[in-house]
Amino acid sequence: MTRLPHTGLPIEAVLPAVRDALRVGTSAVLQAPPGAGKTTVVPLALLDEPWLEGRRIVMLEPRRLAARAAAHRMAQLLGERVGDTVGYRIRMETRVGPATRVEVVTEGVLTRMLQHDPALEGVGIVIFDEFHERSLHADLGLALTLQSRAVLRDDLRVLAMSATLDGGPVAALLGDAPVVTSEGRAHPVETRWLPRRPEARIEAVTARTVRHALETEDGDVLVFLPGAGEIRRVEEMLGGDLPPGVRIYPLFGNLPPEQQDEAIRPSPPGRRKIVLATAIAETSLTIEGVRVVVDSGLMRVPRFSPRTGMTRLETVPVSRASADQRRGRAGRLGPGICWRLWTEAEDAALQPYRPPEILEADLAPLALELAAWGVADPAELQWLDPPPAAAFAQARELLAELGALDAPGAVTPHGRAMAALPLHPRLAHMLLRAKEMRLGATACDLAALLAERDVLRGEGRAPDADVRLRLAALRGDRGHGGHGVDHAALHRVRAEAKDLRRHLSASSSDADDEAAGVLLAFAYPDRIAQRRPGTSGRYLLRNGRGAAFPEPQSLSEAPWIVAAELDDAGREGRILIAAPVEAAEIERGFADQVVAEESVAWDEAAGAVRARRVERLGALTLREAPLADPDPGRIAAALLDAVRQAGVASLPWTKASAQLRERIAFLHLHDPSFPDVSDVALSETLADWLGPHVYGMRKMDEVRRIDLGPVLEGMLAWEQRRRLDELAPTHVQVPSGSRIPVDYSDAEAPVLAVRLQEVFGWTETPRIAGGRVPLTLHLLSPAHRPVQVTRDLASFWRTGYFEVKKDLKGRYPKHYWPDDPLVAEATARAKPRR
């Protein structure tokens, strides 16, 4: 029997209710605030339950640091070493033994356990600690566990423990499980906000507030910052200006375990510490001695875009739940103070909770796990929030491209091998392909580098993107571009690479840094990129997106690269880490995905149709050559497309052909049996009326030599051609004997512009279109300026002529202005001939 020592923690008051719930049913939800003791007390309290029957307890923790800390604390309560009754399994580290009954695991480990043994034989209960964080792996682990219980293990217990999450939806998901609530024990914490929004960078405001806290308050100071970069900058700002006996301890996920342990260990008597932490310190950890919290109010979260297939880190405001958890850290041991580095008005606008990771994350790992589990449709499982359809579909497309799924969508043997590796599917695929090519060592090094934050540091700017510089730093070479090196990160990468080499059975002789490009192409086939012609540092990705180096780089002139890390924040993604690759390597590695096609398309620069054989990989052109014997019909169609894009107005309309088109348009308006020759109609029917005349042509210059008059006449029926001049004459003979052209530019009102003296004796307005349409007469002065516009000439002679005559006689006294225009002789001269 395991004797649980008395801890005095608030959780002990609800342990009977938790035990009763799990004796009666197979599920329960425990709500307990931070510091109540649920993480370390509850698993030990369940060890002797009769339903457990000596089986193990598996407790899921969202972070490695929390898993290690929880296991150490439980072992300490039992007076044992880690690995005896209590152990842990995290990535790259396992401390369990034959007598271990409580295993604290991180989320990926639980998924591996379920895939290896879906029935979880030997496990009596799975505890999901800090479930309110709603990590992707926690949601997946719970979904798989619930299906395992439904199909294979109806006696398997599930306990969800949360600090802030509303327990109702979780309880409903678990089959209306009972909800047990612990009130916890928290000392009062005074909250202080900024009076106004700070203008300085958050690091400067944080450092200033920490100094003030050290001067005015007792106890250790816990500072929340969004990421490691901000932590380093605040550490530099504080480092040279601290009171005696005060030390700074960074705390974030990628620190070595010994440094993490040092940060959470109690300060020695007479000393104080400042812990600069990311959100890792929000839950699960108790940092002894903290009385003051300084909260930047920011956190860094990954945001995945199904449209681009890329993930970028964004710095966002914390949720209210996170802010309250951070604040509560100051009241674990006694009254405390929390400085919130935002205004009280901004505080009121905080979101209640962070969106679950499953709604924003890259779902490729989840999709691969489900495929390995035998599930193609997530709807077959139970979820609090199902995976978004668009992101899940994009993830399955990627897996199919990596060879993890077959055509029907089932997992392939290659996909199962990928799922067995503790890596993102992209990197797992790279390792397996590299092993076939005897490049396993380089692939392991690349996978370790890409899983860690960048090991190179730029001097005031981003370091050079070439991944080979990072491989050189990993080998201990000096050829890493003169950049600074993050030695702590480098240490972790070496350890991870060593572990992956062992897992892959890769020999150190399988190392070739110059193969980095082709290996990265296996991991990121959608990010193979070709430099845009005539540019430096700007690339087109295989998926059609643009990408560019933020500033000149050693790879800026490389014809081909693979972009392993991209910031997809702008119109073109910023390339952060990349490697050069040869076109021949791409052709060999992706021969089955290269598509050869005959391209017949308009080339704007050449002003002609180009017929080529093109080999493409997605949006990229690998090779092209002239097509020896292209189909004339396709060439004509491409030429017509170019005309259509340029517009019908770009065709060689002479004065005569333009007038003919206007005459036909006029007739179509009054007789729809005549063809429609508007821009829209001609554009839509190019192939019918212009197609036969461009057959055999390739260049626009040839098109511009076409006489469009006969082409338009060819659109008319024989009878329409015969009556064209009768219905829409090009000229009209006026009484003076002159033949005056008719202007058809206004199809509704064709114009005859003629000098007034030339129409003396004309009693009626001339008509066209078989007498249906009167011409609009523009009666001109001797200087060809309009003096009257009319469609009723008879009325003009009666009423308007005499006023016009008076004016014109004064201006043109030498010209002939008769008193009776109806009987006067028309003339094209100043006066009629005698």
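Residues numbered from 1 in each chain as written. Predicted model: local features only at pLDDT ≥ 70, side-chain atom pairs only at ≥ 80, totals over all residues. Heavy atoms only, no water.

**Things to note about the overall build of the protein**
Tallying secondary structure elements over the protein gives 29 helices and 33 strands in all. By the compact-globule yardstick of 28 Å for 834 residues, the protein is too spread out, its C-alpha radius of gyration being 41 Å. Projected onto the principal axes, the alpha-carbon positions of the protein cover approximately 140 × 65 × 60 Å. Buried residues in the protein amount to 53% of all 834 residues. Contacts in the protein between residues far apart in sequence, at least 24 positions, make up 67% of those at least 6 positions apart. As presented, the protein carries roughly 37100 Å² of accessible surface, and 50% of it is formed by carbon and sulfur atoms. Between the averaged position of the 106 positive side-chain charges in the protein and that of its 113 negative side-chain charges there is a distance of 4 Å. (Helix = DSSP H or I, 4+ residues; strand = E, 2+ residues; numbered from the N terminus. Rg over C-alpha atoms; globule rule 2.2 N^0.38 Å. Buried < 20%, exposed > 50% of the residue type's maximum accessible area, 1.4 Å probe, protein only. Contact = heavy atoms within 4.5 Å. Areas by Shrake-Rupley, 256 points an atom, 1.4 Å probe, with all protein chains shown as cover. Lys, Arg positive; Asp, Glu negative; His and termini not counted. Charge placed at Lys NZ, Arg CZ, Asp CG, Glu CD.)

**Here we look at the packing of helix H16 (residues 440-451) against helix H19 (residues 516-523)**
Remark: H16 packs on H19, axes separated minimally by 10 Å, with the N-to-C direction vectors making an angle of 60 degrees. Read as a crossing pair, H16 and H19 show a hand that is right-handed. Contacts between H16 and H19 pair Thr442, Ala443, Leu446 and Leu450 from the former with Ala516, Leu519 and Leu520 from the latter. Tallied by class, residues from the contact of H16 with H19 come to 6 nonpolar, 1 polar and no charged. (Axes fitted to C-alpha atoms, helices over the stretch in contact; angles between N-to-C directions. Left-handed = near helix turned anticlockwise from the far one by under 90°. Nonpolar A, V, L, I, M, F, W, Y, C, P; charged D, E, K, R; others polar.)

**Remarks on the side chain of Ser556**
For Ser556, the position within the fold is in the loop between strand S21 (546-548) and strand S22 (560-567). The contacts of Ser556, once residues within four sequence positions are left out, are Arg531, Ser536, Gly537, Tyr539, Phe549 and Glu551.

**With respect to the nonpolar core**
If you look at the biggest cluster of nonpolar residues, it comprises 106 residues, and the most contacted ones within it are Leu174, Leu370, Met430, Leu431, Leu519, Leu520 and Ile528. Broken down by element, this core gets its largest block of residues, 8 residues, from helix H12 (residues 364-373). When near neighbours in sequence (up to four residues on either side) are disregarded, Leu520 contacts Met430, Leu446, Leu450, Val467, Val562, Ala564 and Ala579. (Core = buried A, V, L, I, M, F, W, Y, C linked by side-chain atoms within 4.5 Å.)

**Brief notes about the packing of helix H3 (residues 64-78) against helix H9 (residues 257-264)**
Viewed as axis vectors pointing N to C, H3 and H9 meet at an angle of 65 degrees, and their least axial separation amounts to 11 Å. Taken as axis vectors, H3 and H9 run roughly perpendicular relative to one another. In the crossing of H3 with H9, the sense of the turn from one axis to the other is right-handed. Between H3 and H9, the residues in contact are Leu65, Arg68 and Ala69 and Pro257, Gln260, Asp261 and Ile264, respectively. Across the contact of H3 with H9, the residue classes break down as 4 nonpolar, 1 polar and 2 charged. (Parallel < 35°, antiparallel > 145°, perpendicular 65-115°, else oblique.)

**Examining the sheet that holds strand S10 (residues 220-224)**
Taken in spatial order, the 6 strands of this open sheet run S9-S16-S13-S10-S12-S11, and their pairing is parallel. Pairing within the sheet leaves two strands with one partner each, and these edge strands are strand S9 (189-193) and strand S11 (246-251). The mean angle between the axes of side-by-side strands here comes to 15 degrees, regardless of whether they run parallel or antiparallel. Packing against the sheet, H9 makes contact with S11 and strand S12 (272-277), and its axis sits at approximately 130 degrees to S11. Strands in contact with helix H10 (residues 320-328) are S9, S10, strand S13 (290-295) and strand S16 (336-340); relative to S16, the strand with the most contacts, it is inclined by about 140 degrees. (Pairing = 2+ DSSP bridges.)

**A few points about the pattern of salt bridges**
Evaluation of the coordinates by the stated rule reveals 56 salt bridges. Where Asp324 meets Arg340, a salt bridge forms, and the shortest distance between an N and an O atom there is 3.2 Å. You can see Asp324 sitting in helix H10 and its partner Arg340 sitting in strand S16, a full 16 residues away along the chain. When its relative accessible area of 40% is taken as the criterion, Asp324 is described as partly exposed. Given the relative accessible area of 4%, Arg340 is considered buried. Of the charged contacts, one joins Asp603 and Arg610 as a salt bridge, the two residues approaching to 3.0 Å between their closest N and O atoms. Classification of Arg610 as partly exposed rests on a relative accessible area of 36%. (Salt bridge = Lys/Arg side-chain N within 4 Å of Asp/Glu carboxyl O.)

**Topic: the confidence of the model for the protein**
Summarising the model, the protein shows a mean pLDDT of 89, and 97% of its residues fall at 70 or more. At the low end of the mean pLDDT range in the protein sits strand S15 (residues 310-317), at 78; at the high end sits strand S29 (residues 751-755), at 96. (pLDDT = per-residue confidence, 0-100.)

**A short note on the sheet that holds S21**
Around the barrel, which closes on itself, the 5 strands sit in the order S19-S20-S21-S23-S22 with mixed pairing between neighbours. Here the average twist between neighbouring strands, direction ignored, is 50 degrees. As paired strands, strand S19 (residues 528-531) and strand S20 (residues 538-541) are joined by 3 bridges and run antiparallel to one another. Pairing of Gln530 across the sheet is with Leu540, part of S20.

**A closer look at the environment of Gly696**
Relative to the helices and strands, Gly696 resides in the loop between helix H25 (691-694) and helix H26 (700-703). In this structure the C-alpha to C-alpha distance between Gly696 and Ala489, which are 207 residues apart in sequence, comes to 65 Å.

**Digging into unusual backbone geometry**
With phi around 55 degrees, Arg438 is a residue other than glycine that occupies positive phi space. Looking at where Arg438 falls in the secondary structure, it is placed in the loop between helix H15 (425-436) and H16. The phi dihedral of His784 falls on the positive side, at around 65 degrees, and the residue is not glycine. With respect to the helices and strands, His784 occurs in the loop between strand S32 (776-780) and strand S33 (786-790). For His784, a relative accessible area of 52% translates into the label exposed.

**Observations regarding helix H22 (residues 655-670)**
With 16 residues, H22 extends 23 Å from end C-alpha to end C-alpha; this agrees with the ideal 22 Å at 1.5 Å per step. When H22 is considered as a whole, its buried residues turn out to be Ser657, Gln659, Leu660, Arg661, Arg663, Ile664, Phe666 and Leu667. Buried positions along H22 lie against helix H23 (679-684), helix H27 (708-713), helix H28 (718-727), strand S28 (739-743), strand S30 (767-768) and strand S31 (773-774). (Expected span 1.5 Å × (residues − 1).)

**Some words on the environment of Arg426**
By the secondary structure assignment, Arg426 is in helix H15. By relative accessible area, Arg426 is classed as buried at 4%. Engagement of the side chain of Arg426 in a polar contact is seen with the side chain of Asp526, the distance being 2.8 Å. (Polar contact = N/O pair within 3.5 Å; in protein donor to acceptor, adjacent residues only side chain to side chain.)

**Quick word on the pairing of S16**
Two faces make up the sheet, and in a regular strand the side chains alternate between them. In terms of residue burial, S16 counts as a mostly covered element, since 5 of its 5 residues are buried. Alternating positions in S16 separate into two faces, Gly336, Cys338 and Arg340 on one and Ile337 and Trp339 on the other, with burial throughout. Note that S9 and S16 share 5 bridges and pair parallel. Bridge pairing links Thr191 to Cys338 in S16. Across 4 bridges, the pairing between S13 and S16 is parallel. Note that in S16 the partner of Val292 across the bridge is Ile337.

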